[in-house]
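What follows is each chain in one-letter form.
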Amino acid sequence: MIDEGVVKYSCEWIPGERVAVEGIESLIKWRDHIHELGLIGVYENGIGFGNISIRIPNSLQFIISGTQTGHLAQLDSQHYTVVTDFDIEQNHLTCCGPIQASSESLTHAAIYSYEPNINAIIHVHHPQLWQHLLYQVPTTGNDVPYGTPQMAKEMLRLFDQENLSQQKILVMAGHEDGFLTFGKDLNEAGEILMKYYHS
């Protein structure tokens, strides 16, 4: 049962200006490259998967690709939004921009709030790689659904118990095909992803 692409948190979306392109050039470049590899995309049933974000320096705000953009080969600044506030316990998020934030935004929020040195997160899908990585790298419980406070808390458990800070990759056992990488910047997150993708 794939329920990817469904926004499960309550979202206050404030329609606003698009993000300045200069600030997200590498975000656009990495996202479109990852889409080209099929790691971000859309299932046959029309549901999109995968997303990418970067932290706004020295804050808990972040820029993330919008919900239901997986079918687009290339994104521009109208397809990204700024998450300005979130409450993991209340399962609530506020975003401002031309599009609503990705359904996985709360997971990104949990990681950014836990570790100030993480500035970029890439969440992708790949069935074979997911199968290969399952329980070989930090892995969330298979009963934890994506996009929920439980998943956000599960991320924190992996940081505390599974050496996630060093490995910078995790697999979501209860979110078929899904895993994510992160780093101090997009290049690090992307290079970690490429290392596993090409291995």
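Residues numbered from 1 in each chain as written. Predicted model: local features only at pLDDT ≥ 70, side-chain atom pairs only at ≥ 80, totals over all residues. Heavy atoms only, no water.

Trainee: Now, about the overall build of the protein: what can you tell me, with residues and values included?
Mentor: Secondary structure summary: the protein contains six helices and 11 strands in total. Here the C-alpha radius of gyration of the protein, 15 Å, is about what a compact globule of 199 residues would show, namely 16 Å. Buried residues in the protein amount to 55% of all 199 residues. Counted over contacts in the protein with a minimum sequence separation of 6, partners at least 24 positions apart contribute 67%. Accessible area of the protein: about 8,900 Å², with a carbon and sulfur share of 49%. Within the protein, the 24 negative side-chain charges are centred at a point lying 5 Å from the centre of the 10 positive side-chain charges. (Helix = DSSP H or I, 4+ residues; strand = E, 2+ residues; numbered from the N terminus. Rg over C-alpha atoms; globule rule 2.2 N^0.38 Å. Buried < 20%, exposed > 50% of the residue type's maximum accessible area, 1.4 Å probe, protein only. Contact = heavy atoms within 4.5 Å. Areas by Shrake-Rupley, 256 points an atom, 1.4 Å probe, with all protein chains shown as cover. Lys, Arg positive; Asp, Glu negative; His and termini not counted. Charge placed at Lys NZ, Arg CZ, Asp CG, Glu CD.)

Trainee: Lay out the confidence of the model for the protein in plain terms, naming residues and giving numbers.
Mentor: Of the residues in the protein, 96% have a pLDDT of 70 or more, and the chain-wide mean is 92. By mean pLDDT, the top-scoring element of the protein is helix H6 (residues 186-197) (98), and the lowest-scoring one is helix H4 (residues 149-161) (89). (pLDDT = per-residue confidence, 0-100.)

Trainee: With reference to specific residues and values, describe the nonpolar core.
Mentor: One finds Ile34 and Tyr80 to be the most contacted residues of the largest nonpolar core, which totals 32 residues. Among the secondary structure elements, those contributing two or more residues to this core are helix H1 (25-36), strand E4 (51-55), strand E6 (80-87), strand E8 (120-125), helix H3 (127-133), strand E10 (169-172) and H6. Ranked by residue count, the leading element in this core is H6, at six residues. Ranked by size, the runner-up nonpolar core spans 28 residues in total, among them Tyr9, Val83, Met151 and Met155. (Core = buried A, V, L, I, M, F, W, Y, C linked by side-chain atoms within 4.5 Å.)

Trainee: So what's going on with the pairing of E10? Residues and values would help.
Mentor: Every second residue of E10 is oriented toward a common face, with Ile169 and Val171 on one face and Leu170 and Met172 on the other, all of them buried. Relative to E10, strand E9 (residues 139-140) is paired through two bridges, and the arrangement is parallel. If you follow Thr140 over to E10, its bridge partner there is Met172. Here three bridges tie E10 to strand E11 (residues 178-183), and the two strands are oriented antiparallel to one another. For Val171, the partnering residue across the bridge sits in E11 and is Phe179. Following E10, the chain reverses through five residues before pairing antiparallel with E11; Asp177 in that reversal takes a positive phi of roughly 75 degrees. (Pairing = 2+ DSSP bridges.)

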